[in-house]
Amino acid sequence: MTATMSNLIQQFFFYFFAVLAIASAVGVILGRNPVRAILFLVLTFFFTAALWIMLQAEFLGLILVVVYVGAVMTLFLFVVMMLDLNAIMQHKGLVKRRFLATLLVTAILAILVYFLGPWHFNQQTFPASSNMIAANYSSTQALGMMLFTHYLLPFELAGVLLLVAMIAAIALTKTAKPRRRVQDIDKQIAVKAKNRLRIVKDKELPQ
Amino acid sequence: MIPLSSALIFSAILLALSLLGLVINRKNVINLLMSIELLLLAVNTNFIAFAHHFHNVKGEIFVFFILTVAAAEAAIGLAIMIVLFKKRNTIAVAELDQLKG
């Protein structure tokens, strides 16, 4: 297999996955049903993970599928299923001025494409260090070698961050049964006069 | 070898789509959170494209940490949304205006 043919196959697969990922992202935005939008997002993540594996980041591509899709998107689906979808889907219709918003976002995209195009980022003006990657290059090994030596402290801090996030999520959604007689300051402050006091006229009093 | 600018333009398109999703929101907080996830995905793809171009693994390490933070933020955002829905019985963005001046 010649070099140009393998290059061609690589290009084909890149455009295949990229176009499908962008189409799924459009489906995320335009999905009216939240469940459908989440499933389109899962599809976007799958295609982007395939792209990442093509970009020699196979560990991160698999982590995207296992952790992001498998845990975070499942969490999204659980939360959407817990809420009452009838109450959500009452609000139909798009926001006003969506045409202007689309125009502005297209302008932003045009500016980005102008600055990221192949006239700036090609091999002549932005050279890579070398074009060859070793045949036994393992992204997992390279990541581990760097992560556990130079970046050990951020790694441990990421673990602490996840612990704090877990505690926060549990504390936010925990419904504590009132087993103690404590004051509920929110209820005490939010009380209104008409809940506590009623002015009666003379003719209402029993004789 | 995938050309760098192709991957960068793909990432820019994903970013623009996520901005569009944030703005033309159908009055639904879940769409906001999903657009933020798309945004983070675009940024991660950008980092990985550059890590692939320079044969440097530090871009992938940054993606590792961005994934961690994004997962934590999604979990806490969803927890806040659950509590909000319990209190207000609505998740339409237009009706969550208690802090409006």
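Residues numbered from 1 in each chain as written. Chains lettered and ligands numbered in written order. Predicted model: local features only at pLDDT ≥ 70, side-chain atom pairs only at ≥ 80, totals over all residues. Heavy atoms only, no water.

Caption draft 1: Structural view of the packing of helix α2 (residues 34-54) of chain A against helix α2 (residues 29-54) of chain B. At a minimum axis distance of 11 Å, the contact between α2(A) and α2(B) shows a crossing angle of 5°. Relative to α2(B), the element α2(A) is oriented roughly parallel. Contacts from Pro34(A), Ala37(A), Ile38(A), Leu41(A), Thr44(A), Phe45(A), Thr48(A) and Trp52(A) of α2(A) reach α2(B) at Ile30(B), Asn31(B), Met34(B), Glu37(B), Leu38(B), Leu41(B), Asn44(B), Thr45(B) and Ile48(B). (Axes fitted to C-alpha atoms, helices over the stretch in contact; angles between N-to-C directions. Helix = DSSP H or I, 4+ residues; strand = E, 2+ residues; numbered from the N terminus. Parallel < 35°, antiparallel > 145°, perpendicular 65-115°, else oblique. Contact = heavy atoms within 4.5 Å.)

Caption draft 2: The arrangement of helix α1 (residues 3-30) of chain A in detail. The terminal C-alpha atoms of α1(A), which comprises 28 residues, lie 41 Å apart, in line with the 40 Å expected from a rise of 1.5 Å per residue. Those residues of α1(A) not exposed but buried are Phe14(A), Phe17(A), Ala18(A), Ala21(A), Ile22(A), Ser24(A), Ala25(A), Gly27(A), Val28(A) and Ile29(A). Against α2 of chain A together with α1 (4-23) and α2 of chain B lie the buried residues of α1(A). (Expected span 1.5 Å × (residues − 1). Buried < 20%, exposed > 50% of the residue type's maximum accessible area, 1.4 Å probe, protein only.)

Caption draft 3: Highlighting the pattern of salt bridges. All names here are of chain A. Enumeration according to the criterion identifies 1 salt bridge over all chains in this entry. With a shortest N-O distance of 3.0 Å, aspartate 184 and lysine 187 are connected by a salt bridge. Its relative accessible area of 34% is what places aspartate 184 among the partly exposed residues. Lysine 187 sits in the exposed class, given a relative accessible area of 62%. (Salt bridge = Lys/Arg side-chain N within 4 Å of Asp/Glu carboxyl O.)

Caption draft 4: The arrangement of the interface of chain B and chain A in detail. Counting from both sides, the interface comprises 70 residues of chain B and, opposite them, 86 residues of chain A. For the pairing of chain B and chain A, the buried interface totals around 7100 Å² over both sides, and the portion due to carbon and sulfur atoms is 81%. At the surface where chain B touches chain A, the tally comes to 0 salt bridges. Joining chain B to chain A, the criterion identifies 4 residue pairs in polar contact (both at pLDDT 80 or more). Of all the elements in the fold, those that place two or more residues in the side of chain B that touches chain A are α1, α2 and α3 (58-88) of chain B. A per-element tally of the side of chain B that touches chain A places α3(B) first, with 23 residues. Here the residues of the side of chain B that touches chain A sort into 50 nonpolar, 13 polar and 7 charged. (Buried area = accessible area lost by both parts, 1.4 Å probe. Polar contact = N/O pair within 3.5 Å; in protein donor to acceptor, adjacent residues only side chain to side chain. Nonpolar A, V, L, I, M, F, W, Y, C, P; charged D, E, K, R; others polar.)

Caption draft 5: Geometry of the nonpolar core. In this structure, Leu60(A) and Phe76(A) are the most contacted members of the largest nonpolar core, which totals 68 residues. Those elements that provide at least two residues to this core are α1, α2, α3 (58-82), α5 (98-116) and α6 (139-147) of chain A together with α1, α2 and α3 of chain B. Grouped together as the second largest cluster of nonpolar side chains are 7 residues, Phe121(A), Ala7(B), Leu8(B) and Ala12(B) included. (Core = buried A, V, L, I, M, F, W, Y, C linked by side-chain atoms within 4.5 Å.)

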